[in-house]
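Structural description and commentary
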Amino acid sequence: MAITSKEFKEVLIQGLNLEDIETDEIGDDDALFGDDGLGLDSVDSIELVLIIEKEYGVKIQNPEEYNTIFASVNSLLTFINENK
């Protein structure tokens, strides 16, 4: 069963302790990293990899794909749903 955007955002908010953000404040195509989106940093990226492995059993094998996979909520969700 595919993970929905709302479900994933809830895991993201809890896992990264983003206390001041609601799921509807995160756009599906917003950047996860940098000033334009959620503003996550390199420490968050490590935590996010661990959360994805723990919650969904999905490992990101190729570090060269990180920029594409972690571009937005949609790109990350697509990767998780295709590799579950």
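Use the structure listed above.
Let us look at the structure shown here. (Residues numbered from 1 in each chain as written. Predicted model: local features only at pLDDT ≥ 70, side-chain atom pairs only at ≥ 80, totals over all residues. Heavy atoms only, no water.)

1. A short note on a negative patch on the surface
Rule in force here: To count toward a patch, a residue needs a relative accessible area over 30% and no salt bridge; like charges are then connected within 9 Å, while nonpolar side chains (Val, Leu, Ile, Met, Phe, Trp, Tyr) are connected within 5 Å. The protein chains shown are the only cover counted for residues, whose accessible areas, like all others here, come from Shrake-Rupley with a 1.4 Å probe. Salt bridge criterion: a side-chain nitrogen from Lys or Arg within 4 Å of a carboxyl oxygen from Asp or Glu. Charged residues are defined here as Lys and Arg on the positive side and Asp and Glu on the negative side; His and the ends of the chain fall outside this count. Charge placement uses NZ in Lys and CZ in Arg. For Asp and Glu, CG and CD serve respectively. The classification of residues rests on relative accessible area computed with a 1.4 Å probe and restricted to protein chains. Under 20% of the type maximum is buried, over 50% is exposed, and intermediate values are partly exposed.
A surface patch of negative charge is lined by Glu19, Asp20, Glu22, Asp24 and Glu25. A relative accessible area of 72% means that aspartate 20 is categorised as exposed.

2. Concerning the pattern of salt bridges
Inclusion rule: Secondary structure elements follow DSSP: runs of H or I no shorter than four residues count as helices, runs of E no shorter than two count as strands, and numbering proceeds from the N terminus.
Taken as a whole and assessed by the stated rule, the structure comprises three salt bridges. The closest approach of N and O atoms between lysine 6 and glutamate 10, which form a salt bridge, is 3.8 Å. Placement of the pair is lysine 6 and glutamate 10 together in helix H1 (residues 5–15), with a separation of four residues, close to one helical turn. For aspartate 28, the salt bridge is made with lysine 9, and the minimal N-O distance between the two is 2.8 Å. Taken together, the positions of aspartate 28 in the loop between H1 and helix H2 (42–56) and lysine 9 in helix H1 put the pair 19 residues apart, joining distant regions of the chain. Judged by its relative accessible area of 28%, aspartate 28 is partly exposed. When its relative accessible area of 9% is taken as the criterion, lysine 9 is described as buried.

These figures come from the coordinates and say nothing about function on their own.
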